[in-house]
Amino acid sequence: MELRGGSQHSQNGFVPFFRWALDKARRLTEKPLLVRLDAAHDAVETRAELSAQENTDFIVKWNPRRAKRAYWAHKVCYEGRVLQVRRGK
């Protein structure tokens, strides 16, 4: 946990903190990690760091802002990867 001033944006300084937290988590287990982040951390820098991590899956809530939803819906449905661990999930 990191306490910050209310006016500081969540993404400010997040990637170094995230690396530190992952290092600590990896000391606890050798199993794969699942990282779940809210839309405050949907920045390209964070997603690049997540993609570079080995043995780590992630879920990041997306804040579409002014993005073209139809474009992204098409991209996700036709280029994305859907994993179904067990039926119905």
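In the block above lies the structure referred to throughout.
Quick look at the structure, then. Given the structure is predicted, the values throughout are model-derived calculations rather than measurements.

**Remarks on the packing of aromatic side chains**
The geometry of an aromatic ring pair is captured by the separation of the ring centres together with the interplanar angle, meaning the angle of the planes. Applying the stated rule across the entire model yields 2 aromatic pairs. Plain terms: the ring middles of Phe 14 and Phe 18 are 5.6 Å apart, the flat faces sit at 25° to each other, and that makes the pair stacked. Residue Phe 14 and its partner Phe 18 are both found in helix H1 (residues 14-28); the two are separated by 4 residues, about one turn of the helix. With relative accessibility at 8%, the residue Phe 14 sits in the buried group.

**Some remarks on helix H2 (residues 44-52)**
Every buried residue of H2 is listed here: Thr 46, Glu 49 and Leu 50. Taken end-on, H2 shows its buried residues confined to a sector of 100°, consistent with a single buried face. In H2, those exposed residues whose orientation departs by more than 90 degrees from the buried face are Val 44, Glu 45, Ser 51 and Ala 52. If you follow the buried residues of H2, they end up packed against H1, strand E1 (33-37) and strand E2 (56-60).

What counts, and where the lines are drawn
In this convention, every chain numbers its residues from 1, walking through the sequence in written order. This being a predicted model, a pLDDT of at least 70 is required before a residue's local features are given, and a value of 80 or more before pairs of side-chain atoms are given or counted; all residues contribute to the totals for chains, interfaces and linings. Derived side-chain values reflect all non-hydrogen atoms in the structure, with water molecules and hydrogen atoms excluded from consideration. Any two of the Phe, Tyr and Trp rings considered here, Trp counted by its six-membered ring, make a pair once their centres fall within 6.5 Å; the pair's planes then place it as stacked at under 30 degrees, edge-to-face at over 60, or tilted in between. Numbering of helices and strands starts at the N terminus; helices are DSSP runs of H or I of at least 4 residues and strands are runs of E of at least 2. Only protein chains enter the accessibility calculation, which uses a 1.4 Å probe; a residue whose area is less than 20% of its type maximum is buried, one above 50% is exposed, and one in between is partly exposed. For this quantity, the arc is that covered by the directions from the helix axis to the C-beta atoms. What makes two residues a contact is simply this: any of their non-hydrogen atoms within 4.5 Å.

Read these as layout, nothing more, since geometry by itself doesn't imply function.
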